[in-house]
Structure formats: structure tokens, C-alpha cells
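So the chains spell out like this:
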Amino acid sequence: GFDLEKPLGELISVSNELGQVPVFRLFNHTAGLKAWHPFFEKRPLTLGELVEEALSLPLEYSPGSKSPYSDLGYFLLTYIFEKHFGLSFYEGFLK
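Criteria and thresholds
Residues numbered from 1 in each chain as written. Predicted model: local features only at pLDDT ≥ 70, side-chain atom pairs only at ≥ 80, totals over all residues. Heavy atoms only, no water. Helix = DSSP H or I, 4+ residues; strand = E, 2+ residues; numbered from the N terminus. Buried < 20%, exposed > 50% of the residue type's maximum accessible area, 1.4 Å probe, protein only. Contact = heavy atoms within 4.5 Å. Salt bridge = Lys/Arg side-chain N within 4 Å of Asp/Glu carboxyl O. Expected span 1.5 Å × (residues − 1). Polar contact = N/O pair within 3.5 Å; in protein donor to acceptor, adjacent residues only side chain to side chain.

Participant: For this particular structure, what's the right way to read the overall build of the protein?
Facilitator: In terms of regular secondary structure, the protein is built from 4 helices and 0 strands. Secondary structure elements in the protein, listed N-terminal to C-terminal, are α-α-α-α. In terms of its C-alpha atoms, the protein occupies a principal-axis envelope of roughly 35 × 35 × 25 Å. Counting across all 95 residues of the protein, residues that qualify as buried make up 35%. In the protein, the share of contacts with a sequence separation of at least 24, taken over all contacts with a separation of at least 6, comes to 58%.

Participant: Is there a simple way to think about the pattern of salt bridges in this case?
Facilitator: A pair can form between side chains of opposite charge whenever their charged atoms are brought close. Counted according to the given criterion, the structure contains 1 salt bridge. With a shortest N-O distance of 3.3 Å, Glu49 and Arg43 are connected by a salt bridge.

Participant: I keep staring at helix H3 (residues 71–85) and nothing clicks. Help me out?
Facilitator: Since the α-helix turns once every 3.6 residues, residues separated by three or four places project in the same direction. Over its 15 residues, H3 extends 21 Å from the first C-alpha to the last, a length consistent with the 21 Å expected when each residue adds 1.5 Å. Along H3, the residues that are buried comprise Leu72, Gly73, Leu76, Leu77, Thr78 and Ile80. The opening residue of H3, the one whose side-chain oxygen lies 3.3 Å from the backbone nitrogen of Leu72, is Ser70. After H3 finishes, the residue Gly86 shows a positive phi value of roughly 70 degrees.

Note that every value here comes from positions in space, so none of it alone points to a role or purpose.
Rendered as C-alpha cells:
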């Protein structure tokens, strides 16, 4: 199985406080991530580039204290899914 209580830093390389946030907080938008960031204003990004930039952003609030919808959390979840299961999100969805 997959442990949703596991800190992000145990699954992907994270060099800031987001590394201590458990995975489940990405699902319910309580990880402390910004609600929005202008990722695609410059050019289209790959998932890896998007995740790298998202991980460089500071947290907007203390994890667990608010729950604004955040695309960033779902980008990170997609990346973690693909790394953990070795499938694209689309392939995993079809299975």
C-alpha cells in the first residue's frame, strides 16, 4: 500500500519545510501551498519542471491551518504517483 501519513521528504527531494508535510495534506489542500502561481505565463512546463518550481516556493500558511484549493498539491501528487508506481498518471488511471 501507500502510506498517506508519510512526509513528502521521504518520497521526493524537498529542501524546505514542505518535506515534513504528510502526503494526505496535498489531497485536502491543507499542505500550506499557494492557491495559485503563474507557472505557465512564460512557457509550457514539463511535470518535472513544474514540480521543481513548486517545491522552491515558500509555504503560504502553516500546514493544517487553512484549506484553499491549490493546483500545486495535485501537481505534486501526480509526480509522486508517477515516481512511486512507475506509471504515468494516465496509465495508472486506466488500470
